[in-house]
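What the coordinates show
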Protein chains: 2
Amino acid sequence: MASSPRSVDEHRAVVAALLAPMPVEDVPVAQARGRVLAADVVAGVALPSFDNSAMDGYAVRAADLAGAPVELPVAADIPAGRTDVPPLQAGTVHRIMTGAALPAGADAVVPVEDTDGGLERVRIEKAPAPGAHVRRAGEDVRAGDVVLPAGTVLGAPQIGVAAAVGCATVPVRRRPRVLVLSTGSELVAPGTPLRPGQIYESNGPMLAAAVEDAGGSAELLRFVPDDVEEFLGRLRERLTDGPVDLLLTSGGVSAGAYEVVKDAFTGRGVEFVKVAMQPGGPQGAGRVAELEGTGVVTLPGNPVSSHVSFEVFVRPALRAALGHPHPDRPIVTATLGERWTSPPGRRQFRRGVLDAVTGTVRELGGPASHLLGALARAECLVVVPEDVTEVPEGTAVETWLLDG
Amino acid sequence: MASSPRSVDEHRAVVAALLAPMPVEDVPVAQARGRVLAADVVAGVALPSFDNSAMDGYAVRAADLAGAPVELPVAADIPAGRTDVPPLQAGTVHRIMTGAALPAGADAVVPVEDTDGGLERVRIEKAPAPGAHVRRAGEDVRAGDVVLPAGTVLGAPQIGVAAAVGCATVPVRRRPRVLVLSTGSELVAPGTPLRPGQIYESNGPMLAAAVEDAGGSAELLRFVPDDVEEFLGRLRERLTDGPVDLLLTSGGVSAGAYEVVKDAFTGRGVEFVKVAMQPGGPQGAGRVAELEGTGVVTLPGNPVSSHVSFEVFVRPALRAALGHPHPDRPIVTATLGERWTSPPGRRQFRRGVLDAVTGTVRELGGPASHLLGALARAECLVVVPEDVTEVPEGTAVETWLLDG
């Protein structure tokens, strides 16, 4: 344990350095939801890629209709998808459907509602303006345009536009594989009875869900008792099945005896430090040569400490490795609706609820690190800087939105 | 086609009625991320479930330390997880680790930092206040408390608290199964060359992603040409593999010839109507007896119409069926940063970008229904009511946040 605590920002940098940008892989566009583009998507075709009709109706030469109402012969029928569209001769019209290619020679479309709907000959009531109801090639997107820049998160509309410009696949960064492991002889699987002194294991599923929320791929290892050989053995065994990008542990890192994570990794590449924060002081990070150089982040075992540490250190590192342009949670300035005190020399992250109308934030459940019930209702983390000990009501406070 | 258009709200109700609340299923807590609780989660145990130590140190009787500094014998060692904790006799202390059960008779914990750390005997510098560094059973959650109400979306902290109170599984509503099918002879799979008159199929993957974003489970059927028998045959064949909760089509519903969806479903239980909105006027919804009573929603084929119709009609219906307490997108009031006109008698949904600092919204790309490039950059939909035709700069406008 270092005698002088490490700053939050320094430990953030140490954790971030464990995760290089993920390699790029091509994923079918229909399976790319939620992924982050690794390169610009450039339109292979214009949108529309050809002049086409915006309405069901008749493709015409506007000049032929100057004396409307007129009646003209229908020379051809152009459903959407017809690829052999004959040119339009003067004095005739083509029947045309929405999205169908405008025939050469036509310069306007008359909607069927403005006609008698004839199939052989059609009576047209009003002359259209040239260009009426015609979508011009390239008026939405030109071939060669960047339609989605690198770093875009692919939601439904983005998947739509990528497919529309012809992408069968999109280049995205591989999801970081994160192995999640809780330690502690006191841990029992939910669903079995507790004996006095035991608690239900909750950090593993919580952290695995947090990894997936951040865009990673989580694998939950069954928690292990406080035994160094069993702990290392479980990890070595798992790694023979294939590498992971990060090992995330919870528990076993504080100042006591029986600190299995600390005992297993001390002197093996993981630096255990006290970070100047609350909750979440005891932290560790590094690469373990004996585990094939795997990056390791060791979070404290208290559920709230574990959650806050994940938010502060791991989530931004995972998202940066995925190429997110904004790896951090959305940060807003809120007004504190009550008075707080805070210990000197530590950055506090307190769980809060935010009134969106007034912009006022209040604490939920108190600062203690074991209050999991309140954490489940928290909407935000409120940051109290290291050098602040008194936070009067009305103070403007940095607020991280947890569902952003 | 009904002669007088149907209102947006009426069609919303028609679509919503096609999807009953989904049945409840029990899902392992570690696999429940993003699901919606179908019933309250009640704590089976208190949190903490026993008095325990908040620090690594020594469990003491505060009265024994009144004359501190004192030196006392260490009678036992209590690691976390020890289930046979001996009572503390007067004049002795137990060494105790964070989270370990407080022995009967102890009323405070002295952190190891305030001692010489002795294993046989320990010197303690300061007398603690009674209760110091003790976490009391039930101070976070009491057994029987509702820790997560029905309707909660399960994120990482919620999964953590459910596991912590002993839930091996959680009751959630089954994800609605949605079959997505695009129609149109002009459609070509991305990755293959386009001939004139053809376009890349984009609605299928876009709508499938939108279904998944809404919490549904999407299955994408390969798009079919404009042929009624092939269309119905494809659907009958798929439904022999198992039922779906909704069939979602795009295209084939407007006023033209070759409208395969309309031709296939007219007179078979789907009502095709004109909805008083823009984009997205031509809509259909109903149950098809010949397809085992499957609920069907037919969206228009223009990508923007398809997307907006999904947002207005289908997404809220899917989320309501999942038990979301707030099925709609978050709605804010923004200030229009420019002047608009809007057609009478139709509710317009325009794509916009919102300046979060000033609360000002502007249109992106124009109201035309084929502008997919702009849709991919839109942050919100801005609603112009049916009876409004002039929207001056500075108007307060209803704004749906698309990433909320």
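Residues numbered from 1 in each chain as written. Chains lettered and ligands numbered in written order. Predicted model: local features only at pLDDT ≥ 70, side-chain atom pairs only at ≥ 80, totals over all residues. Heavy atoms only, no water.

Named according to an unreviewed UniProt entry, chain A is Molybdopterin molybdenumtransferase originating from Pseudonocardia zijingensis. Chain A has a UniProt comment under Cofactor (unreviewed entry) that states "Mg(2+)". Quoted verbatim from the Function (unreviewed entry) field of UniProt, the annotation for chain A is "Catalyzes the insertion of molybdate into adenylated molybdopterin with the concomitant release of AMP." (UniProt positions renumbered as here; feature names shortened; annotations may be inferred.)

Quick word on the relation of the copies chain B and chain A
Structural alignment of chain B on chain A gives an RMSD of 0.1 Å, achieved by rotating through 180 degrees and translating 0.0 Å along the axis. The symmetry that links the two subunits is that of a two-fold axis. Interface overlap between copies is the fraction of interface residues in one copy that are interface residues in the other; for chain B against chain A it reaches 100%, indicating a shared surface. (Least-squares fit on C-alpha atoms with pLDDT ≥ 70 in both. Contact = heavy atoms within 4.5 Å.)

Details of the sheet that holds strand 19 (residues 282-288) of chain B
All names here are of chain B. Pairing in this open sheet of six strands is mixed, and the strands run 15-12-16-20-19-17 from one edge to the other. The open sheet is flanked by strand 15 (217-224) and strand 17 (270-274), the only strands paired with a single partner. Taking each pair of neighbouring strands and ignoring which way they run, the sheet shows an average axis angle of 15 degrees. Bridge count between strand 19 and strand 20 (residues 294-299): five bridges; the pairing is antiparallel. Across the sheet, the residue bridging to Gly 284 is Thr 298, located in strand 20. The strands touched by helix 1 (residues 8-16) within the sheet are strand 17, strand 19 and strand 20, with strand 19 carrying the most contacts at an inclination of about 30 degrees. Relative to the sheet, helix 4 (residues 228-239) contacts strand 12 (177-183), strand 15, strand 16 (246-250) and strand 20, its axis offset from that of strand 15 by approximately 145 degrees. (Pairing = 2+ DSSP bridges. Helix = DSSP H or I, 4+ residues; strand = E, 2+ residues; numbered from the N terminus. Axes fitted to C-alpha atoms, helices over the stretch in contact; angles between N-to-C directions.)

A closer look at the sheet that holds strand 8 (residues 121-124) of chain A
Residue and element names in this part refer to chain A. What the five strands build is an open sheet, ordered 7-4-6-5-8; its pairing is mixed. Each of the sheet's edge strands pairs with one partner strand only, and the pair in question is strand 7 (108-111) and strand 8. Between one strand axis and the next, the sheet turns through 40 degrees on average, direction left out of account. Alignment of strand 4 (residues 57-60) against strand 7, held across four bridges, turns out to be antiparallel.

Remarks on helix 1 of chain B
Residue and element names in this part refer to chain B. Along helix 1, the residues that are buried comprise Val 8, His 11 and Val 15. Around the axis of helix 1, the buried residues are gathered within 65 degrees of arc, so they sit on the same side. Looking at the buried residues of helix 1, the elements they touch are strand 17, strand 18 (277-278), strand 19, strand 20, helix 6 (303-321) and strand 23 (347-355). (Buried < 20%, exposed > 50% of the residue type's maximum accessible area, 1.4 Å probe, protein only. Arc of directions from axis to C-beta.)

Describing the interface of chain B and chain A
In this assembly, 71 residues from chain B lie in contact with 71 residues from chain A. With both chains or domains summed, chain B and chain A bury close to 5,400 Å², and 63% of this area falls on carbon and sulfur atoms. Taken as a group, Arg 33, Thr 83 and His 370 of chain B account for 10% of the area that chain B buries against chain A, more than any other trio of residues on that side. Linking chain B with chain A are two salt bridges, by the criterion used here. Here Arg 33 of chain A and Asp 213 of chain B are joined by a salt bridge, their closest N and O atoms 2.5 Å apart. At the boundary of chain B and chain A, one finds twelve residue pairs in polar contact (both at pLDDT 80 or more). Secondary-structure elements contributing two or more residues to the side of chain B that touches chain A are helix 2 (156-164), strand 14 (199-200), helix 3 (203-213) and helix 7 (372-375) of chain B. Looking at side-chain class alone, the side of chain B that touches chain A contains 37 nonpolar, 20 polar and 14 charged residues. (Buried area = accessible area lost by both parts, 1.4 Å probe. Salt bridge = Lys/Arg side-chain N within 4 Å of Asp/Glu carboxyl O. Polar contact = N/O pair within 3.5 Å; in protein donor to acceptor, adjacent residues only side chain to side chain. Nonpolar A, V, L, I, M, F, W, Y, C, P; charged D, E, K, R; others polar.)

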